[in-house]
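Next come the chains, spelled out residue by residue.
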Amino acid sequence: MPDIALSALTVTPVSPAIGARVEGIDLSRPLSDSEAAALERALVAHQVLFFENQPLTPQAQRDFAARFGQLHVHPIYPKVPEQPEIMVLDTGPHNPTDNDVWHTDVTCIETPPAIVALSGKLIPPIGGDTVWASNIAAYNGLSEPIRRLLEPLKALHDFTRSFPEWRHNGDPETHARWKTARDKHPAVVHPVIRTHPVSGAKALFVNENFTSRIVGLSDRESAAILEFLYDHISRPEFTVRWRWKEDDLVLWDNRSTQHYAVNDYSPHRRIMHRATVLGDRPY
């Protein structure tokens with residue numbers, strides 16, 4: 001018997017390199033196996049999926065994200081008390097954002113997240129967009145000699161680069177939590193170019209928030225290459241920008257993208273709920 005719910009699903013690209021709008025699905029109810037598989041295929045193809053008008057409770061968001069794998073509990077950011085897998089990003093004048101830099105989430109662990117689901121709960125009246133970049137499109141946009149130069153290189157990803165001690169020592173409890181997280185997350189090494197475990201596509205895998213240096217190069221060599229790559233990845237033709245509305249949900253492939261939370265909404269407040277699906281070790 002054909003899947004009626006699946007037949008209603010439509011996926012419409014919103015830019016040539018990255019991103020598609022998905023309609024015809026209610027994420028607040030359990031996904032069928034065929035729906036989950038269809039969304040995974042669309043995610044690998046488009047890297048970022050945009051869903052509008054999806055008012056999810058924290059439990060529903062957790063259950064939705066858990067269909068794609070084991071969920072990560074962030075060691076630093078606050079969580080929904082009843083659902084610790086749901087991270088709360090509550091930013092504004094009371095708590096300035098620290099996500100206004102290009103980054104791939106949590107690359108400072110051995111198995112960085114594969115998929116992230118972000119839900120808009122309180123959206124400023126203007127501003128607060130998020131921009132995603134395709135690391136696959138950025139890799140494809142490099143010349144062949146540069147690809148050959150980068151292919152054997154590995155880079156160090158450091159927890160303390162994104163979470164410096166000075167930002168988390170305002171009170172003893174916060175500082176103790178930071179020290180525990182630091183001790184549990186020593187710096188790790190990942191390839192500068194990774195292979196997507198599903199599609200086999202090559203993608204750049206360095207980001208400003210966590211990558212501290214390229215292993216085996218001098219400081220000047222490492223800094224020059226990373227600066228070039230960061231500038232290259234953020235070229236507009238590799239990106240898509242989303243203007244959030246309340247109850248939008250965005251699902252992205254963390255293995256092949258990075259993103260930037262635009263910090264232009266002060267004095268307004270912005271609240272987002274994030275669920276993060278663990279991935280495998282990059283290769």
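That block above? That's the structure.
A brief report on the enclosed structure follows. This one's a predicted model, so the numbers in the text were calculated from it and none came from an experiment. Within each chain, residues carry numbers counting from 1 in the order of the written sequence. Totals for whole chains, interfaces and linings use all residues, but because this is a predicted model, local features are given only for residues with pLDDT of at least 70 and pairs of side-chain atoms are given and counted only at 80 or more. The basis for every side-chain value is the complete set of heavy atoms in the structure, and neither hydrogens nor water enter the calculation.

Regarding the overall build of the chain
Here is step 1: Counting from the N terminus, the helices are DSSP H or I runs at least four residues long and the strands are E runs at least two residues long. Along its length, the chain carries 8 helices and 16 strands.
Here is step 2: For 283 residues, the compact-globule estimate of 2.2 N^0.38 gives 19 Å, and the C-alpha radius of gyration of the chain, at 19 Å, lies within 12% of that figure.
Here is step 3: Type-normalised accessible area, obtained with a 1.4 Å probe on protein chains alone, sets the label of each residue: buried when under 20%, exposed when over 50%, and partly exposed for intermediate values. Burial analysis of the chain (283 residues in total) assigns 52% to the buried set.
Here is step 4: It only takes one pair of heavy atoms within 4.5 Å for two residues to be counted as in contact. Long-range contacts, defined as pairs at least 24 residues apart, comprise 81% of the intrachain contacts of the chain with a sequence gap of at least 6.
Here is step 5: All accessible areas in this document rest on Shrake-Rupley with a 1.4 Å probe, and a residue is counted as covered only by the protein chains that are shown. As displayed, the chain has an accessible area near 12700 Å², and 54% of this comes from carbon and sulfur atoms.
Here is step 6: Placing the 29 positive and 35 negative side-chain charges of the chain at their respective mean positions leaves the two points 3 Å apart. Radius of gyration here is computed from C-alpha atoms only, and the compact-globule reference equals 2.2 Å multiplied by the residue count raised to the power 0.38. In this tally Asp and Glu are treated as negative and Lys and Arg as positive; neither His nor the chain ends contributes. By convention, the point assigned to a charge is CZ for Arg, NZ for Lys, CD for Glu and CG for Asp.

Digging into the packing of aromatic side chains
Here is step 1: When the centres of two rings from Phe, Tyr and Trp lie within 6.5 Å, Trp using its six-membered ring, the rings pair. Their planes under 30 degrees apart give stacked, over 60 give edge-to-face, and anything left gives tilted. In this structure the tally under the stated criterion is 8 aromatic pairs.
Here is step 2: Relative to Phe-68, the ring of Phe-64 lies with its centre 5.4 Å away and its plane at 85°, an arrangement referred to as edge-to-face.
Here is step 3: By relative accessible area, Phe-68 is classed as buried at 11%.
Here is step 4: Measuring from ring centre to ring centre gives 5.7 Å for Trp-102 and Tyr-260, while their planes differ by 55°; the resulting arrangement is tilted.

Re the pairing of strand S6 (residues 113-122)
Here is step 1: With 8 of 10 residues buried, S6 lies mostly within the body of the structure.
Here is step 2: Taken together, the 5 bridges between S6 and strand S14 (residues 249-253) define a ladder with antiparallel strand orientation. Along S14, the bridge assignment pairs Leu-118 with Val-250. When DSSP finds two or more bridges between a pair of strands, those strands are recorded as paired.

Re the environment of His-196
Here is step 1: Checked against the element boundaries, His-196 lands in the loop between strand S10 (193-195) and strand S11 (202-204).
Here is step 2: Given a relative accessible area of 5%, His-196 falls into the buried group.
Here is step 3: Separated by 129 residues in sequence, His-196 and Arg-67 place their C-alpha atoms 20 Å apart.
Here is step 4: Setting aside anything within four residues of it in sequence, one finds His-196 in contact with Val-44, Ala-201, Asp-253, Arg-255, Ser-256 and Tyr-283.

Some details on unusual backbone geometry
Most of the time, phi is negative for any residue but glycine, and the peptide bond is trans.
Here is step 1: In this structure, the amide linkage connecting Ser-266 to the following residue, Pro-267, adopts the cis form with an omega of 10°.
Here is step 2: We note that Asn-53 has phi near 55°; this positive angle belongs to a residue other than glycine.
Here is step 3: On the secondary structure map, Asn-53 appears in the loop between strand S3 (48-51) and helix H3 (58-66).
Here is step 4: The exposure class of Asn-53 is exposed, given its relative accessible area of 61%.

So, the sheet that holds strand S16 (residues 270-278)
Here is step 1: The strand order across the open sheet formed by 8 strands is S1-S2-S3-S14-S6-S16-S5-S4, and the pairing between neighbours is mixed. The sheet is open, and its two edges are formed by strand S1 (10-13) and strand S4 (79-80), each paired on a single side.
Here is step 2: Bridging between S1 and strand S2 (residues 20-23) involves 4 bridges; their strand directions are antiparallel. Note that in S2 the partner of Thr-10 across the bridge is Glu-23.
Here is step 3: Lines fitted to C-alpha atoms define the axes, with helix axes restricted to the stretch in contact, and inter-axis angles between N-to-C directions lie between 0 and 180 degrees. In the packing of helix H2 (residues 33-46) onto the sheet, contacts are made with S1, S2, S3, S6 and S14, and the angle to S3 comes to roughly 125°.
Here is step 4: The strands touched by H3 within the sheet are S4, strand S5 (83-91), S6, S14 and S16, with S5 carrying the most contacts at an inclination of about 115°.

Examining the side chain of Asp-105
Here is step 1: Examined against the element boundaries, Asp-105 turns out to sit in the loop between S5 and S6.
Here is step 2: Any pair of nitrogen or oxygen atoms within 3.5 Å is treated as a polar contact; in protein, a donor-acceptor pairing is required on top of that, and neighbouring residues in sequence qualify only through side-chain atoms on both sides. At 3.4 Å, the side chain of Asp-105 and the side chain of His-103 are in polar contact.
Here is step 3: Beyond its immediate sequence surroundings of up to four residues, Asp-105 is in contact with Pro-112, Pro-113, Val-116, Phe-210, Trp-252, Asn-254, His-259 and Arg-274.

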